[in-house]
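# Remarks on the overall topology
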Amino acid sequence: MTIMRAVALVLRSFRQPRAAIALAILLLCAFGTGGCAVGPDFVRPAPPPASRYTAEPLRGEGASADEQTQHIAWGQNIEGAWWSLFRSDAIDDLVAQAVDHNRTLAASMATLAQAQELALARAGSQYPQVNLVAGAGRQQYGKEFLGPIGIAPFTYFAVGPTVSYTLDYTGGVARGVEQQYALAEVERHQLDAAYLAVTGRAVMQILTIASVHAQIATVETILAQDRDNLRLVQSAFDNGSVAREDIVSAQSQIANDMTLLPPLRQELATARHALAVVLGRAPASALPGDLDLAQITLPLQVPVSLPSELAHRRPDILAAEARLHAATSAVGVAQSNLYPKIQLTASAGQQSLKADQLFDRANNAWSIISGLTAPVFDGGTLRAEKRAAVDAMHASAASYEQTVLEAFAQVADLLEGLDHDAEQLDAQAHARQAAQSSLELARISYQEGDAGLLQVLDAERSFQQARLGYVRATAQRYLDTVQLFLALGGTSPMTAQLRSEPPHVL
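About the criteria used
Residues numbered from 1 in each chain as written. Predicted model: local features only at pLDDT ≥ 70, side-chain atom pairs only at ≥ 80, totals over all residues. Heavy atoms only, no water. Helix = DSSP H or I, 4+ residues; strand = E, 2+ residues; numbered from the N terminus. Buried < 20%, exposed > 50% of the residue type's maximum accessible area, 1.4 Å probe, protein only. Contact = heavy atoms within 4.5 Å. Areas by Shrake-Rupley, 256 points an atom, 1.4 Å probe, with all protein chains shown as cover. Pairing = 2+ DSSP bridges. Axes fitted to C-alpha atoms, helices over the stretch in contact; angles between N-to-C directions. Core = buried A, V, L, I, M, F, W, Y, C linked by side-chain atoms within 4.5 Å. 1 Å grid on protein atoms, 1.4 Å probe; cavity = no way out; pocket = protein on both sides within 12 Å on 5 of 7 lines; lining within 4 Å. Points joined across faces, edges and corners; volume = space filled by probe spheres on them. Nonpolar A, V, L, I, M, F, W, Y, C, P; charged D, E, K, R; others polar. Expected span 1.5 Å × (residues − 1). Parallel < 35°, antiparallel > 145°, perpendicular 65-115°, else oblique. pLDDT = per-residue confidence, 0-100. Phe/Tyr/Trp six-rings, centres within 6.5 Å; stacked < 30°, edge-to-face > 60°. Lys NZ or Arg CZ within 6 Å of the ring centre and 35° of its normal.

### Observations regarding the overall build of the protein
Secondary structure assignment for the protein yields 12 helices and 6 strands. Relative to its full complement of 506 residues, the protein shows a buried share of 40%. For the protein, contacts bridging at least 24 residues in sequence account for 83% of all contacts bridging at least 6. A total of about 26900 Å² of accessible surface is found on the protein, and carbon and sulfur atoms cover 55% of it.

The following block contains the structure:
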């Protein structure tokens, strides 16, 4: 209907029926010629045949959903926001702030909008280009144009529409539009990747802060017990039951344990600064208070999508697929350049030497022009460009396959990591229990006079180190769980639900 209206607007200015009919037939034939698009049609790559990520069964595969241990739910996708699986209001609130105010997301959204507008602009080239031309001037032709014929200077007035259309019988223009939309699709998946990265960084920093708080609390407990031991040794020394070497040993233990705090405090500061940046704030801005790792629930059921499904979920794989689509379309564009170009142009209007007679019937003017440009000799440029486009398509296909393989390897590493985290946590739990039993026996032996004070101090040191190791193993399990959710593609955001306006500036 839009094309017909455009044709009708042009024809209304014609007074000669034959000319109007000829132009109508020419334009309608041009519009109706779909042609067949040259070049290969894009076919979405088939999912890889792999049915699992690791060669050997994992420990988490055999766990039951009823057990209080982390287990893998094969073939299930993450439902809803992936970070909600940790059941923490603090995480939910901070991630929402990050999505609203992060600058990386704002830049990705603007880039996507730009790519979509460029695709729309390219799509406009498929339709007739209609312009209204008007002009007025005074002119005199010289001998070069008229020879011995002389025409006095004259003033002219002209107004009317012009229509131009490139006959896309090879589909080259359509392939260019297809390519631009594929590039816009790349940016859409880049936005999904940015969304995943921002939410992942937010949760990782939150867990890191909570973990470091727990480690600092453990070290402070160790130091408190070191000071109690020093007072105990000092009292024994005053009573003459121990030597001065025991006091020096207790003081040395306090000094050694004090060295644990500065690196943890630095790690805490770094994590808080990183969280502030993710939230779109300056590092000096206020952040929520202490985050307790014990108040964050470790997801016991870990949904793990199948490899064939992962290829259709991860933003980086989908972006590589869209790049392959764009490269495939570019081959069609390059091949269409080998064919002649047909340009159709029509104009109609009024031309007069006097302004008040501009719209008289006698002053009608029109033209229908067709032009053909065919490559005859270009030194092999066009064919070389087509071969280059084919090579680029092959490169994009290889890059896509490499992206899929790396994604599978990342998931496999993290699945193995969760298995090893569970083993490490069990080992740390046993070490803590053994160290606690050893400490209790050492204290009993010391009270009965069968052991020295140094044995008690050594047992306490081992127990506190085992406690600290258990806290670190627990935190690592949380962090690896987050990394696995991210490697599985997390949650694809609904772009319409993201903020459309840029975040507030600092």
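### Re the sheet that holds strand β2 (residues 129–139)
With respect to topology, 4 strands assemble into an open sheet ordered β2-β3-β5-β6, the strand pairing being antiparallel. Each of the sheet's edge strands pairs with one partner strand only, and the pair in question is β2 and β6 (364–373). Between one strand and the next, the sheet's axes are offset by a mean angle of 20°, whatever the strand orientation. Pairing of strand β5 (residues 341–352) with β6, which is carried by 10 bridges, proceeds in the antiparallel orientation. For Gln-350, the partnering residue across the bridge sits in β6 and is Asn-364.

### A short note on unusual backbone geometry
Even without glycine at this site, Arg-87 takes up a positive phi of about 50°. Turning to its location among the elements, Arg-87 is positioned in the loop between β1 (71–74) and α3 (89–101).

### Details of the side chain of Ser-211
Residue placement: Ser-211 occurs in helix α6 (residues 172–238). Setting aside chain neighbours within four positions, we find Ser-211 in contact with Leu-293, Val-471 and Ala-475.

### What to know about the nonpolar core
Judged by nonpolar contacts, the single largest core of 68 residues is most densely connected at Tyr-53 and Trp-82. Taken together, the elements giving at least two residues each to this core come down to α3, α4 (103–123), α6, α8 (261–278), β4 (301–304), α10 (315–336), α11 (381–447) and α12 (453–487). Here the element with the most residues in this core is α6; it accounts for 16 residues. Setting aside chain neighbours within four positions, we find Trp-82 in contact with Leu-196, Thr-199, Gly-200, Val-203, Val-482, Phe-485, Leu-486, Gly-490 and Thr-491.

### A few points about the layout of surface pockets
Considered as a void within the structure, the second largest pocket measures approximately 220 Å³ in volume. What lines the second largest pocket is simply Gln-76, Asn-77, Ile-78, Glu-79, Leu-85, Arg-87, Thr-297, Leu-298, Pro-299, Leu-300, Gln-301 and Pro-303. Of the residues belonging to the lining of the second largest pocket, the class tally is 6 nonpolar, 4 polar and 2 charged.

### Topic: α11
Taking 1.5 Å of rise per residue, the 67 residues of α11 would be expected to cover 99 Å, and the 94 Å separating its terminal C-alpha atoms lies within 8% of that figure. Immediately beyond the C-terminal end of α11, within one or two residues, lies Gly-449, with a positive phi of roughly 85°.

### As for the environment of Gln-234
Residue position: Gln-234 is located in helix α6. Residue classification places Gln-234 among the partly exposed residues on the basis of a relative accessible area of 32%. Sequence-wise, Gln-234 and Ala-250 are 16 residues apart; in three dimensions their C-alpha atoms are separated by 9.2 Å.

### So, the packing of α6 against helix α7 (residues 244–258)
Here α6 crosses α7 at 170°, and the two axes come no closer than 9 Å. Overall, the two elements α6 and α7 adopt an arrangement that is roughly antiparallel. Within the contact between the two elements, α6 uses Val-219, Ile-222, Leu-223, Asp-226, Arg-227, Leu-230, Val-233, Gln-234 and Phe-237 and α7 uses Arg-244, Asp-246, Ile-247, Ala-250, Gln-251, Gln-253, Ile-254, Asp-257 and Met-258. Considered class by class, the residues forming the contact of α6 with α7 number 10 nonpolar, 3 polar and 5 charged.

### Things to note about empty space enclosed by the protein
Any space left empty among the atoms is revealed by the rolling of a water-sized probe across them. Overall, the coordinates contain 3 cavities of 30 Å³ or more when judged by the stated rule. Put simply, the largest cavity is a space of about 50 Å³. Where the lining of the largest cavity is concerned, the elements lending two or more residues are α6, α7 and α12. Sort the elements by how many residues they give to the lining of the largest cavity and α12 lands first, with 3 residues. Residues of the lining of the largest cavity, tallied by class, amount to 2 nonpolar, 2 polar and 3 charged.

### With respect to the environment of Ala-90
Its place among the elements puts Ala-90 in helix α3. Taking relative accessible area as the criterion, Ala-90 reaches 31% and is therefore assigned partly exposed. Taking C-alpha positions, Ala-90 is 9.9 Å from Asp-292, a pair spaced 202 residues apart along the chain.

### Remarks on the confidence of the model for the protein
With 88% of its residues at a pLDDT of 70 or more, the protein has an overall mean of 85. At the level of individual helices and strands, the protein shows its lowest average pLDDT in helix α1 (residues 2–11), which scores 45, and its highest in α10, which scores 96. Within the model, pLDDT remains below 50 along residues 13–34, and this stretch shows 35 contacts once partners closer than five positions in the same chain are excluded. The model gives residues 495–506 a pLDDT under 50, and that stretch makes 23 contacts with residues more than four places away or in other chains.

### Re the side chain of Ser-305
Counting through the fold element by element, Ser-305 comes out in the loop between β4 and α9 (307–310). On the basis of relative accessible area, Ser-305 is assigned to the buried category, the value being 3%. In this view, Ser-305 contacts Tyr-53, Gln-76, Asn-77, Leu-310, Arg-313 and Leu-488; residues no more than four positions away in its chain are not counted.

### A closer look at the packing of aromatic side chains
Applying the stated rule across the entire model yields 8 aromatic pairs. When the centroid spacing of 6.2 Å and the interplanar angle of 75° are considered together, the rings of Phe-86 and Phe-485 count as edge-to-face. Taken as a pair, Phe-86 in the loop between β1 and α3 and Phe-485 in helix α12 lie far apart in primary sequence, 399 residues in all. Taken as a pair, Phe-86 and Phe-485 share a single burial class, namely buried. What links up through ring pairs into an aromatic cluster is the set Trp-82, Trp-83, Phe-86, Tyr-195, Tyr-478 and Phe-485. Here Arg-432 stacks its cationic end above the ring of Tyr-470, 4.0 Å away from the centre of that ring.

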